[in-house]
Amino acid sequence: MIASYPQARLRRTRATAWSRALHREVLITPADLIWPLFVTEGSGVEAPIASLPGVSRWSVDGIVARAREAVDLGIPCLALFPNTQAERRSDDGAEALNPDNLMCRAIRAIRDACGDTIGILTDVALDPYTSHGQDGLVNAAGYVENDATVEVLVGQSLNQAAAGADIIAPSDMMDGRIGAIRDALESHGHVNVQIMSYAAKYASAFYDPFRDAVGSRGLLKGDKKTYQMDPGNAEEALREVELDLAEGADSVMVKPGLPYLDIAVRVKEAFGVPVFAYQVSGEYAMIEAAVAAGAGERDALVLETLLAFKRAGCSGVLTYHAAHAARLLGA
C-alpha cells in the first residue's frame, strides 16, 4: 500500500525535466523503428503518393539512398513493398516468382550497397502481383483459395530469401502458410532467415492509402473479409498467434496499430514473444491531415503515438514516420 496525500505527492517526480526523464518507464529509440518503403520501376524516380503526403514511391536507386539514410539515422530495418506495373500483373500473380522482379532487384541493390548494416524485411502476399488485387489465387466463384495460394507464397518466400531478404513477413493471412514457409526455408538452407508473421491482421478501413501506393486499390474486386480478421474479434487473434508461433514464426505482428493496441497487449501477455505493430497508412494519413488542419503538432503526435506502441509491449513499430521520428529522437 502506498502512502496517502500529502506524504505521497506524485507530482514531486514530475516537477523538473531531469526528474521526469529519470522516472520515465518506457522509451522509444530509432532502434525500435522499421521503415516501410515503396519501390517502383525506373531510375531517378520519386513519385509522391497523394493519399500519403510526405511518402513517395522510389526507384531502386532511390531505395538504396533511403537505406543509407536509415543506417545513418540508426533505423535497423526496412520493409519493402513493390508497385508492380500493370502489364506484369496476372490472375495467378506469377511475377512474385520472378527472381528478377522489382522486389528482388531492390533487395540485392540494398545488400550490395549496405551489406549487413541494415535488415531487409519483405512482404509476402500476392496483392502487389495479381490483376484482381486479392492476396491469393481466386477461384471461379471469387473465393481466395487457401492451399493453392500457400504453394505460391512458399515460392515467393524462397525467391526473396535467395535475393538476400533477412525477414520474410507473410501478410496474406492464409491458414498454414507459416509452417510451409518455415519448412521450405529450412530445406533450402535459409536457416537464419526470420519469419515475422502478420498473425493478427484485421480487415480494416485504414488500408486505402497503402493500396494507392502499391497500385491495387482500383483493381481490387470484392473485399478481403474471408481471410483477414473481423475487427470485433480478440480471442481469435490469440488463436492465430498461437498457431503461427507453433508453425515457426520468430515474431508476430498486429495490424493496424493504434486501433488494436489491446490486441498487442494481450498477445504480449499471453505469449511473451516479440510483438510488432504496423502503424498503417490510414493512421499516418490521419496524423498528417490533423497537422495540415492545424489540429495538432506533427512532432508531438508522432512521438506520442510511437510511445504508445512501446508502452503496450511492442518490440518495434513499422511506421511511415520512421525517418522523421529517428531525426527527432537523435536530436
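Refer to the structure printed above.
So, how was this worked out
- Along every chain, residues carry numbers that run from 1 in the direction the sequence is written.
- At least 70 in pLDDT is required for a residue's local features to be given in this predicted model, at least 80 for side-chain atom pairs to be given and counted, and no such filter applies to totals for whole chains, interfaces and linings, which use all residues.
- In computing side-chain values, all of the structure's heavy atoms are included and hydrogens and water are not.
- Residues belong to a common nonpolar core when they are buried Ala, Val, Leu, Ile, Met, Phe, Trp, Tyr or Cys residues joined through side-chain atoms within 4.5 Å.
- Only protein chains enter the accessibility calculation, which uses a 1.4 Å probe; a residue is then buried when its area is under 20% of its type maximum, exposed when over 50%, and partly exposed in between.
- Under the DSSP-based scheme used, a helix requires at least four consecutive residues in state H or I and a strand at least two consecutive residues in state E, with every element numbered from the N terminus.
- Should any heavy atoms of two residues lie within 4.5 Å, those residues are considered in contact.
- Put simply, a disulfide is two cysteine sulfurs that come within 2.5 Å.
- Axis lines are fitted through C-alpha atoms, for helices just across the contact stretch, and the angle between N-to-C directions can take any value from 0 to 180 degrees.
- The labels follow the angle: roughly parallel below 35 degrees, roughly antiparallel above 145, roughly perpendicular from 65 to 115, and oblique for the rest.
- The handedness criterion is simple: a crossing whose near helix is rotated anticlockwise from the far helix by less than a right angle is left-handed, and one whose near helix is rotated clockwise is right-handed.
- Pairing of aromatic rings covers Phe, Tyr and Trp, the last through its six-membered ring, and needs centres within 6.5 Å; plane angles under 30 degrees mean stacked, over 60 mean edge-to-face, and all others mean tilted.
- Whether a charge lies above a ring is judged from NZ of Lys or CZ of Arg, which has to be within 6 Å of the ring centre and within 35 degrees of the ring normal.
- Here, expected helix span is obtained from the residue count minus one, scaled by 1.5 Å.
- For the purposes of these results, a polar contact is taken to be a pair of N or O atoms within 3.5 Å, where, inside protein, one atom must be able to donate a hydrogen and its partner to accept one; residues adjacent in sequence count only when each atom of the pair is a side-chain atom.
- Patch construction takes residues with relative accessible area above 30% that form no salt bridge. Like charges are linked within 9 Å, and nonpolar side chains (Val, Leu, Ile, Met, Phe, Trp, Tyr) are linked within 5 Å.
- Areas reported as accessible are Shrake-Rupley estimates using a 1.4 Å probe. Residue values count occlusion only from the protein chains shown.
- The term salt bridge refers to a pairing of a side-chain nitrogen on Lys or Arg with a carboxyl oxygen on Asp or Glu at a separation within 4 Å.
- Within this scheme the basic residues Lys and Arg register as positive and the acidic residues Asp and Glu register as negative, but His and the chain ends are omitted.
- Taken as the charge location is NZ of Lys, CZ of Arg, CG of Asp or CD of Glu.

## As for the nonpolar core
Logical step 1: Membership of the largest hydrophobic core comes to 79 residues, with the highest contact counts inside it found for Trp-35, Leu-78, Leu-80, Ile-110, Leu-185, Ile-263 and Leu-306.
Logical step 2: For this core, the element with the highest residue contribution is helix H3 (residues 102-114), accounting for 8 residues.
Logical step 3: Not counting the four nearest positions on each side in its chain, Trp-35 is found in contact with Arg-66, Glu-69, Ala-70, Ile-75, Cys-77, Leu-78, Ala-79, Thr-319, Tyr-320, Ala-322 and Ala-323.
Logical step 4: Ile-34, Ala-169, Tyr-198 and Ala-213 belong to the second-largest nonpolar core, a separate cluster that totals 24 residues.

## Description of the state of the cysteines
Working definition: the covalent bond between the sulfur atoms of two cysteines is a disulfide.
Logical step 1: With the rule as written, the count across this model stands at 0 disulfides.
Logical step 2: Its sulfur unpaired, Cys-77 is 12 Å from the next cysteine sulfur, which belongs to Cys-114.
Logical step 3: Exposure remark for Cys-77: the relative accessible area of 7% places this residue in the buried category.

## A closer look at unusual backbone geometry
Logical step 1: Residue Pro-6 is bonded to the preceding Tyr-5 through a cis peptide linkage, with omega at 10 degrees.
Logical step 2: Locating Pro-6 in the fold gives a position in the segment before helix H1 (17-23).
Logical step 3: Of the consecutive residues Lys-255 and Pro-256, the connecting peptide bond is found in the cis state with omega at -5 degrees.
Logical step 4: Tracing the sequence through the fold places Pro-256 in the loop between strand E10 (251-255) and helix H8 (261-271).
Logical step 5: A positive phi angle, close to 65 degrees, is found at Met-173, a residue other than glycine.
Logical step 6: Relative to the assigned elements, Met-173 resides in the loop between strand E8 (167-170) and helix H5 (177-187).

## A few points about the packing of helix H2 (residues 60-73) against H3
Logical step 1: For the pair H2 and H3, the least separation of the axes is 9 Å and the interaxial angle reads 45 degrees. Compared by their axis directions, H2 and H3 come out oblique. Regarding H2 and H3, the two cross each other, and that crossing is right-handed. On the side of H2, the interface is formed by Val-60, Ile-63, Val-64, Ala-67 and Arg-68, while H3 contributes Leu-102, Arg-105, Ala-106, Ala-109, Ile-110, Ala-113 and Cys-114.

## Considering the packing of aromatic side chains
Logical step 1: Tallied over the entire structure, the rule returns 8 aromatic pairs.
Logical step 2: On the numbers, 5.8 Å between centres and 15 degrees between planes, the contact of Phe-38 with Tyr-320 is stacked. With Phe-38 in strand E1 (residues 33-39) and Tyr-320 in the loop between strand E12 (316-319) and helix H11 (322-330), this pair connects stretches of sequence that are 282 residues apart. With respect to class, Phe-38 is no different from Tyr-320; both count as buried.
Logical step 3: Three or more aromatic residues joined by ring pairs make a cluster, and in this case those are Phe-38, Phe-81, Phe-210, Tyr-278, Tyr-284 and Tyr-320.
Logical step 4: Positioned over the ring face of Tyr-207 is Lys-201, at 5.8 Å from the centre of the ring.
Logical step 5: Taking the ring centre of Phe-210 as reference, the NZ or CZ of Lys-255 above it sits at 5.3 Å.

## A look at helix H10 (residues 298-311)
Logical step 1: Taking 1.5 Å of rise per residue, 14 residues should cover 20 Å, and H10 covers 20 Å from first to last C-alpha, within 8% of that figure.
Logical step 2: Within H10, the full set of buried residues consists of Val-302, Thr-305, Leu-306, Ala-308, Phe-309 and Lys-310.
Logical step 3: Buried residues along H10 sit in contact with E1, H8, strand E11 (275-279), helix H9 (281-292), E12 and H11.
Logical step 4: With a side-chain oxygen positioned 3.2 Å from the backbone nitrogen of Asp-299, the residue opening H10 is Glu-297.
Logical step 5: Phi turns positive one or two residues past the end of H10, at Gly-313, with a value near 105 degrees.

## Describing a negative patch on the surface
Logical step 1: A contiguous patch of negative charge, built from Glu-145, Asp-147, Glu-151 and Asp-175, is present on the exposed surface.
Logical step 2: With respect to the secondary-structure elements, Glu-151 resides in helix H4 (residues 146-163).
Logical step 3: Classification of Glu-151 as exposed rests on a relative accessible area of 64%.

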